[in-house]
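# Results of the structural survey
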Amino acid sequence: MSRPREFDVDRALQQSMEVFWAKGFKSTSYDDLTRTTQVKKQSLYCVFKDKRDLFLKALALYRERSIAMLEELASQEVSPLKKLEAICDSTLYQNDETLRRGCLMVNSALEFGDDDPEVNREVMLMFDQVERILEKIIRDGQKQGLISARQSSKELAVYLNNVLSGAKVMEKSGASREQIATVLRTSFALMISENAR
């Protein structure tokens, strides 16, 4: 008969995600993880094979929570432009601590590049899911004549997804809120149709 787990796995995963988000994968030690979670190394190893496995599960948790938040915003009964504004606000302007940490997915993409296929797959899955949400909103906006149809909804979703990722890099690099807001305002201005101005 196996021994019962002595800790809350979901809570430990959430706490570990916060550590990785603050420090990155390579700068996070097992001491950092055990100190934050208050779980012994051996106990963590029983559930998560190693630090990398824990990191991959933390990335998946971050992605799932982020996508759930975006889907909730996308389902609001407001105009497509208001939905896009709400998504930009929610992903960029959370709080000062989040501002300093940036985005865990963008940070991981910058830390790993394409060196780790599993990390890269998780990052690309997040970007693809965000893109699909944006594309649906943009398509609705084009049907209503609010968003320019000079480019396809897919092209504009790729564009806006890149703008958001770039803005998150700006955040992490210490850019001011006004600088980031200028980038976002310009991007929206380029997407809005002449009829909606």
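For the protein, an unreviewed UniProt entry supplies the name TetR/AcrR family transcriptional regulator and the organism Brevibacillus brevis.

### Looking at helix α1 (residues 9–23)
With 15 residues, α1 should cover 21 Å at 1.5 Å per step; its first-to-last C-alpha distance of 21 Å lies within 8% of that length. Those residues of α1 lying buried are V9, A12, L13, Q14, Q15, S16, M17, V19, F20 and W21. For α1, the N-terminal capping position is held by D8, with its side-chain oxygen 3.0 Å away from the main-chain nitrogen of D10. Just downstream of α1 lies G24, where phi reads positive at about 85°.

### Considerations on the pattern of salt bridges
One pass over the full model with this rule turns up 11 salt bridges. Between R63 and E122 there is a salt bridge, and its shortest N-O distance comes to 2.2 Å. Of the two residues, R63 is situated in helix α4 (residues 51–74) and E122 in helix α8 (residues 117–143); the sequence distance between them amounts to 59 residues. Judged on exposure class, the residue R63 and its partner E122 are both buried.

### Section: the packing of α1 against α4
The geometry of α1 relative to α4 is characterised by a closest axis approach of 9 Å and an angle of 95° between their N-to-C directions. Between α1 and α4, the angle falls in the class roughly perpendicular. Between α1, through L13, Q14, S16, M17, F20 and W21, and α4, the contact on the second element is made entirely by K51, L54, F55, K57, A58, L61, Y62 and R65. For the contact of α1 with α4, a count of residues per class yields nine nonpolar, two polar and three charged.

### Remarks on the nonpolar core
Counting residues in each nonpolar core, the largest one holds 54 residues, and the members touching the most others are Y62, L84, I87 and L134. Among the elements of the structure, α1, α2 (30–37), α4, α5 (80–92), α7 (104–112), α8, α9 (153–172) and α10 (177–191) are those that each provide at least two residues to this core. At 11 residues, α4 tops the list of elements feeding residues into this core. Among residues more than four places away in sequence, those in contact with Y62 are M17, W21, C103, L104, M105 and M126.

### Concerning the UniProt feature "domain: HTH tetR-type" (unreviewed entry) in the protein
Per the UniProt annotation, the sites labelled "domain: HTH tetR-type" (unreviewed entry) are residues 13–56. Along residues 13–56 the backbone is 73% helical and 0% strand, and the end-to-end C-alpha distance reaches 10 Å.

Cut-off values and rules
Residues numbered from 1 in each chain as written. Predicted model: local features only at pLDDT ≥ 70, side-chain atom pairs only at ≥ 80, totals over all residues. Heavy atoms only, no water. Helix = DSSP H or I, 4+ residues; strand = E, 2+ residues; numbered from the N terminus. Expected span 1.5 Å × (residues − 1). Buried < 20%, exposed > 50% of the residue type's maximum accessible area, 1.4 Å probe, protein only. Polar contact = N/O pair within 3.5 Å; in protein donor to acceptor, adjacent residues only side chain to side chain. Salt bridge = Lys/Arg side-chain N within 4 Å of Asp/Glu carboxyl O. Axes fitted to C-alpha atoms, helices over the stretch in contact; angles between N-to-C directions. Parallel < 35°, antiparallel > 145°, perpendicular 65-115°, else oblique. Contact = heavy atoms within 4.5 Å. Nonpolar A, V, L, I, M, F, W, Y, C, P; charged D, E, K, R; others polar. Core = buried A, V, L, I, M, F, W, Y, C linked by side-chain atoms within 4.5 Å. UniProt positions renumbered as here; feature names shortened; annotations may be inferred.

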